[in-house]
Amino acid sequence: MNLTIENIVFIGSVLLLISIIVGKTSYKFGVPTLILFLGIGMIAGSDGIGGIQFDNPQIAQFIGIVSLNFILFSGGLDTQWSSVKPILREGLALSTAGVLLTAVSLGCFVYYVTDFTIYESMLLGSIVSSTDAAAVFSILRSKSLALKTNLRPTLELESGSNDPMAYVLTIAFLTLVINQDQGLISVIPMLLKQMVIGGIAGFLFGKFSKLIINKIELGFEGLYPVLVIALMFITFSATEFIGGNGFLAIYICAVYLGNQDLIHKQTILKMFDGLAWLMQIVLFLTLGLLVFPTQVIPYIGIGLMISLFLIFVARPVGVFISLAFFKMKMRRRFYISWVGLRGAVPIVFATYPLLAGIDKANMIFNIVFFISLTSVLIQGTTLSLVAKWLKVGLPEESKAQRNMNHLISEIPKTAMREIKISPHCKAADTKIIDLGFPKNAIIAMIKRNDKFLTPKGSTVINAGDTLVVLSEDEEGLDDVIKCVN
C-alpha cells in the first residue's frame, strides 16, 4: 500500500489507536510498549501484512528530530532540580565520559570482529553509545519503579543529557568516514564548540523563555503550551544555527523552566506529557515502517554479538570508569550499567550515514536496529527483576508520585490567614507569578469588592484585595506576609 494524501490520516490514526490499546495491556506480559510500537510499524510495513511502502530516511530523520525535541523537553520539564542537584556531577560524568568510553570500547570491538575501518567502527560505536531518553523515561515511569536514594534521578538525568554527546560523536566520526584525509584531532574543536555553545544557549533561552511566558498576555490558557512549543523549537534551531548542540540546549532550557514559577505551569506540564507519549509512538511506528525485517535477518549473528558486548562489557566499562571517582555502592553501579537502554535515538542517528551515502550505511542501520531491539527486550523487560536482585528497589508503597501530581498532595491545610493588601504593599499591582511566593503556601482565593476570585499565576493583585492564604504552618504564613508587604 502506498501512502497518499487520501489514506495517510486514516492509516496513521488506526496505527496510533492500535498502539495505545496494545500498549495499555503490554506490561501485564512484561513487554515494553516501545517494542510493541516498533513491532506494529514493522507489521504494517512493506515486509508485513500492511504492505505500506515507506523507504525515506530523510522523512524518518525529520520525524525523529521533531519527536526527540518533545521527548527531551518533556523529560527536562519533569526533572526536579532538588533531586538532580545532589547527583549532578555523577550524571554529567555518565553523559560525557561514560558515552565516550562506551563508544570507544565498542568501536574497538567492532573493528576486530568485522571488516569495518576504524572510523566506521567508531561511527557504529558512537551511534549506540548513549542511553535512550524515550526508552528510559517510558519504561521507568510506566513501571513506576521506586529506586533507593538518588538512583532514579541519576538514570533520568543521564538519559536526558547524554544524547547530545552521542550525536556530536556520530557527526564527528561520520565526517572522518567521509573525509578520510582528516585526522581525529581535527574534529575535537567541533566537539567542544557543540557542547559549550549548547549548554550556554540552553540556559540563556531558558531565562528568555520564562520572561516571555510570564510577561506576555495571551488571554487563553490553551495558548500557553503552544507558546512553549514555539520557544522549544526556537531554542533548538537557533542553537543549531550558531553551531551549538540543539538537543543539549532544549534539555537544559526545559530543566530550567521546569523548576521556575510559570503561568499555567500545570497545563503546560500535562500538555507536554501527552505530546511526549504521542511523539514516542509516532517515532517508533515510523522507524518500524522504515525497517525491512528481511534485510535485518542476515545481520542477526553479528548484531547479537555486538549487542551482548555492548550490554555486558562496553556499557559497564563506561559506567565504572566514569564513576570511579565518586562514592557509590557497587550494586548501584551495576544497576546503572544495566539500565543502558538503547531505543529510537540510535536508529534515528543511524539515518545520518544513510543520507550521507557511505558504503556500509545500510549494514550499520540494520545492525543498530537489531541492537536497539535486543537492548529493550533484554534490559527493558528485566529492570524490576534486576532492581530486586541487586536490592536497589523500594517497596510498592514507597513509589514516588509524579511531579505534576504533587500539585494536589502539596496543598497545605493546617494554617489559614486573611491578608489585606494596602497601596504601599509590594504585592500591589503585581502578578502572583512575580511575587516569589513561598513553596509551602498558596493563595486559595482573593476577595475583591465583595466578590471572590480564583487566583491564577497571571492574576494581578490590586490594592484593597484580601488574600485568603493557606500554609503548612504559622511560620509559612509569616513568610507570606514578608513576601507581600
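Given the structure is predicted, the values throughout are model-derived calculations rather than measurements.

Asker: What am I meant to see in the overall build of the protein here?
Answerer: A tally of regular secondary structure across the protein gives 22 helices and six strands. Burial analysis of the protein (485 residues in total) assigns 55% to the buried set. Considering only residue pairs separated by 6 or more positions, the protein has 79% of its internal contacts joining residues 24 or more positions apart. For the protein, the accessible surface area stands at approximately 21600 Å², while carbon and sulfur atoms represent 65% of it.

Asker: Teacher, can you tell me more about unusual backbone geometry here?
Answerer: In terms of backbone geometry, most residues other than glycine have negative phi values and most peptide bonds are trans. Positive phi, close to 55°, is recorded for histidine 264, a residue that is not glycine. Mapped onto the secondary structure, histidine 264 falls in the loop between helix H12 (246-258) and helix H13 (265-290). Positioned with a positive phi, aspartate 429 is a non-glycine residue whose angle comes to about 60°. One can find aspartate 429 in the loop between strand S1 (415-420) and strand S2 (430-431).

Asker: Got a minute to help me understand the pairing of strand S3 (residues 441-448) in this structure?
Answerer: Inspection of the sheet shows S3 paired to strand S6 (residues 466-471) by six bridges, in the antiparallel sense. Counterpart to alanine 441 in the pairing with S6 is serine 471. Both S3 and strand S4 (residues 451-453) contribute to a ladder of three bridges, which runs antiparallel. Of the residues in S4, the one forming a bridge with isoleucine 446 is leucine 453. Between S3 and S4, which pair antiparallel and follow one another directly, the connecting turn spans two residues, one of which, asparagine 449, has a positive phi of 55°.

Asker: I keep staring at helix H3 (residues 57-77) and nothing clicks. Help me out?
Answerer: Side chains that are three or four residues apart share a direction in an α-helix, a result of its 3.6 residues per turn. With 21 residues, H3 extends 30 Å from end C-alpha to end C-alpha; this agrees with the ideal 30 Å at 1.5 Å per step. The element H3 is extensively covered by neighbouring structure, given that 17 of its 21 residues are classed as buried. The N-capping residue of H3, defined by a side-chain oxygen 3.1 Å from the backbone nitrogen of glutamine 58, is asparagine 56.

Asker: What am I meant to see in the sheet that holds S6 here?
Answerer: The strands making up a sheet associate through hydrogen bonds between their backbones, and the pairing can be parallel or antiparallel. Spatially, S1-S6-S3-S4 is the arrangement adopted by the four strands of the open sheet, whose pairing is antiparallel. Only two strands of the sheet have a single neighbouring strand rather than two, namely S1 and S4. With strand direction ignored, the average angle separating the axes of adjacent strands in the sheet is 25°.

Asker: Where do I start with the nonpolar core in this structure?
Answerer: For soluble globular proteins, nonpolar side chains are generally found buried alongside one another. Among the nonpolar cores identified, the biggest contains 98 residues, and Phe73, Phe272 and Ile306 are the most heavily contacted of them. Per-element accounting of this core gives the leading share, 12 residues, to H13. In this view, phenylalanine 272 contacts Phe70, Phe73, Ser74, Leu77, Pro225, Val228, Ile229 and Met232; residues no more than four positions away in its chain are not counted.

Asker: Would you mind showing me how to read the pattern of salt bridges here?
Answerer: Charged atoms that come close allow side chains of opposite charge to pair. Scanning the entire structure with this criterion turns up four salt bridges. Among the salt bridges present, the one from glutamate 158 reaches arginine 315, with a minimum N-O distance of 2.7 Å. A residue pair is termed long-range when its members are at least 10 positions apart, and glutamate 158 in helix H8 (residues 151-161) and arginine 315 in helix H15 (residues 300-322) qualify at 157 residues. A relative accessible area of 1% means that glutamate 158 is categorised as buried. Across the salt bridge formed by aspartate 465 and arginine 448, the nearest N and O atoms sit 2.7 Å from each other. One end of the pair, aspartate 465, is in the loop between strand S5 (460-461) and S6; the other, arginine 448, is in strand S3, with 17 residues separating them in the sequence. Just as aspartate 465 is buried, arginine 448 falls in that class too.

Asker: Please explain the side chain of serine 95 as it appears in this structure.
Answerer: Tracing the backbone through its elements, the reader meets serine 95 in helix H5 (residues 88-113). From its side chain, serine 95 meets the backbone oxygen of leucine 92 in a polar contact 3.1 Å long. In contact with serine 95, other than residues within four places in its own chain, are Glu158, Ser161, Asn162 and Met165.

Asker: What exactly am I supposed to notice about the packing of aromatic side chains here?
Answerer: Each aromatic ring pair is described using two quantities: the centre-to-centre distance and the angle formed by the ring planes. This structure, assessed with the given rule, holds 13 aromatic pairs. Relative to phenylalanine 309, the ring of phenylalanine 109 has its centre 4.0 Å away and its plane inclined at 5°; by these criteria the two rings are stacked. Of the two residues, phenylalanine 109 sits in helix H5 while phenylalanine 309 sits in helix H15, which places them 200 residues apart along the sequence. Residue classification places phenylalanine 309 among the buried residues on the basis of a relative accessible area of 18%. Centre to centre, the rings of tyrosine 111 and tyrosine 112 are 5.5 Å apart; their planes meet at 75°, and the pair counts as edge-to-face. One aromatic cluster is present, formed by Tyr167, Phe236, Phe247, Phe349 and Tyr352 through successive ring pairs.

Asker: What's the story with the confidence of the model for the protein in this structure? I'm lost.
Answerer: Detail in the predicted coordinates should be disregarded across regions flagged by low pLDDT. Of the residues in the protein, 86% reach a pLDDT of 70 or more, and the chain-wide mean stands at 82. The low-confidence segment residues 397-412 (pLDDT under 50) makes 24 contacts with residues lying over four places distant or belonging to another chain.

Asker: Would you explain helix H10 (residues 188-215) in this entry?
Answerer: If you check H10, its first and last C-alpha atoms are 41 Å apart, about what 28 residues at 1.5 Å a residue would give, namely 40 Å. Turning to H10, its buried residues are Leu191, Gln194, Met195, Gly198, Ala201, Gly202, Phe205, Gly206, Ser209, Ile213 and Asn214. On its buried side, H10 packs onto helix H9 (163-178), helix H11 (223-241), H12 and S2.

Rules behind the numbers
- Residues numbered from 1 in each chain as written.
- Predicted model: local features only at pLDDT ≥ 70, side-chain atom pairs only at ≥ 80, totals over all residues.
- Heavy atoms only, no water.
- Helix = DSSP H or I, 4+ residues; strand = E, 2+ residues; numbered from the N terminus.
- Buried < 20%, exposed > 50% of the residue type's maximum accessible area, 1.4 Å probe, protein only.
- Contact = heavy atoms within 4.5 Å.
- Areas by Shrake-Rupley, 256 points an atom, 1.4 Å probe, with all protein chains shown as cover.
- Pairing = 2+ DSSP bridges.
- Expected span 1.5 Å × (residues − 1).
- Polar contact = N/O pair within 3.5 Å; in protein donor to acceptor, adjacent residues only side chain to side chain.
- Axes fitted to C-alpha atoms, helices over the stretch in contact; angles between N-to-C directions.
- Core = buried A, V, L, I, M, F, W, Y, C linked by side-chain atoms within 4.5 Å.
- Salt bridge = Lys/Arg side-chain N within 4 Å of Asp/Glu carboxyl O.
- Phe/Tyr/Trp six-rings, centres within 6.5 Å; stacked < 30°, edge-to-face > 60°.
- pLDDT = per-residue confidence, 0-100.

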